Amino acid sequence: APWLLMMSLTPARGCLLDLPWEDILVPHILCHLPLRQLLSLQRVSKSFQSLIQLYLANMRCFDSSQIGPAIPRAAFVNLLKDNEVLQQLALQNCSEWLTDRELLPVIGQNHHLHQIQLKGCAQLSRHALVAISLSCPNLRRLSLAHCEWVDSLSLRSLADHCKALEAVDLTACRQLKDEAICYLVQKCSRLKSLSLAVNANVGDVAVEEIAKCCPELEHLDLTGCLRVKNDSIRVLAEYCPKLRSLKVKHCHNVAESSLSILRSRGVELDVEPPLQRALVLLQDVVGFAPFINLQI
């Protein structure tokens, strides 16, 4: 790609812009360049500006991290104003500038989105989630981690309209309680990955409903869910045969008596067995690992 760009500035050797734009340049060349470099190319000439605008209008994936977190509002709106074919939209940690005003037009004109990342976008409102649910029926992956504006009503809208969801991250969405989670999993039974971490309002009722409604579940994060207890973990073990990982760190009411069932099946847990924890603690205290015959 860099060689072709140099060639384009050397008329004697041909011109990059002479290649078919929609058939060659956009799908086979520009897609390999970082977005930041593409935006810089707009300043080369009016022809390059038109080419990049064509690329932006046909872009399938937009990731704000390729530009940087401090995108001017007007620049973001301008970048995606003509795009109606986005499939992936990643705007994580854009809380300094992203509001409903910038996001809703993009969501409203892109009905093919199947992956949206809004982690840490604190200035949005519940209207953003409602818009997503109404405009993106094929949505499969959604991250709303640390978006405390997510409430039960907007989550119900998501569950009613986006039943193909496979992965949802609701970490630190502290407005949500068991009832809202239950409604989500009842409607979205294809879920394979779900995070409810850092939510003290989530308890056994939600976990048991997750287990019974989501037989395809592979990953569940309950970190810091203080109301979760052993009984719901046992139900999880019974109803979720495909579970591959479970996070229950800081769940003080979850003990080895329930975790051992999952551990015996090879499920990855973020909590060590009691004996191993004791050895680590002893090593920290005395400065070495004791020699113990674990076969006795």
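Further up the page is the structure itself.
Overview of the structure.

What counts as what
Residues numbered from 1 in each chain as written. Predicted model: local features only at pLDDT ≥ 70, side-chain atom pairs only at ≥ 80, totals over all residues. Heavy atoms only, no water. Axes fitted to C-alpha atoms, helices over the stretch in contact; angles between N-to-C directions. Helix = DSSP H or I, 4+ residues; strand = E, 2+ residues; numbered from the N terminus. Parallel < 35°, antiparallel > 145°, perpendicular 65-115°, else oblique. Contact = heavy atoms within 4.5 Å. Nonpolar A, V, L, I, M, F, W, Y, C, P; charged D, E, K, R; others polar. Phe/Tyr/Trp six-rings, centres within 6.5 Å; stacked < 30°, edge-to-face > 60°. Lys NZ or Arg CZ within 6 Å of the ring centre and 35° of its normal. Buried < 20%, exposed > 50% of the residue type's maximum accessible area, 1.4 Å probe, protein only.

Here the focus is the packing of helix α10 (residues 204-213) against helix α11 (residues 230-239). A pair of packed helices is captured by two measures, namely the crossing angle of their axes and the spacing between those axes. Where α10 contacts α11, the axes come no closer than 8 Å and their chain directions differ by 5 degrees. Relative to α11, the element α10 lies roughly parallel. Only Asp 231, Ser 232, Val 235, Leu 236 and Tyr 239 of α11 make contact with α10, whose side of the interface consists of Asp 204, Val 207, Glu 208, Ala 211 and Lys 212. In terms of residue class, the contact of α10 with α11 is made up of five nonpolar, one polar and four charged.

The next subject is the packing of aromatic side chains. Taken as a whole and judged by the stated rule, the model has two aromatic pairs. Seen from the ring of Tyr 183, Arg 156 lies directly overhead, with NZ or CZ sitting 3.8 Å from the centre.

In this section: unusual backbone geometry. Backbone geometry places Ala 172, a non-glycine residue, at a positive phi of 60 degrees. With respect to the helices and strands, Ala 172 occurs in the loop between β5 (167-169) and α9 (178-187). Phi angles above zero are rare outside glycine, and Val 198 is one such case at about 55 degrees. Take Val 198: it is sitting in the loop between β6 (193-195) and α10. Note on Val 198: relative accessible area 35%, which makes it partly exposed.

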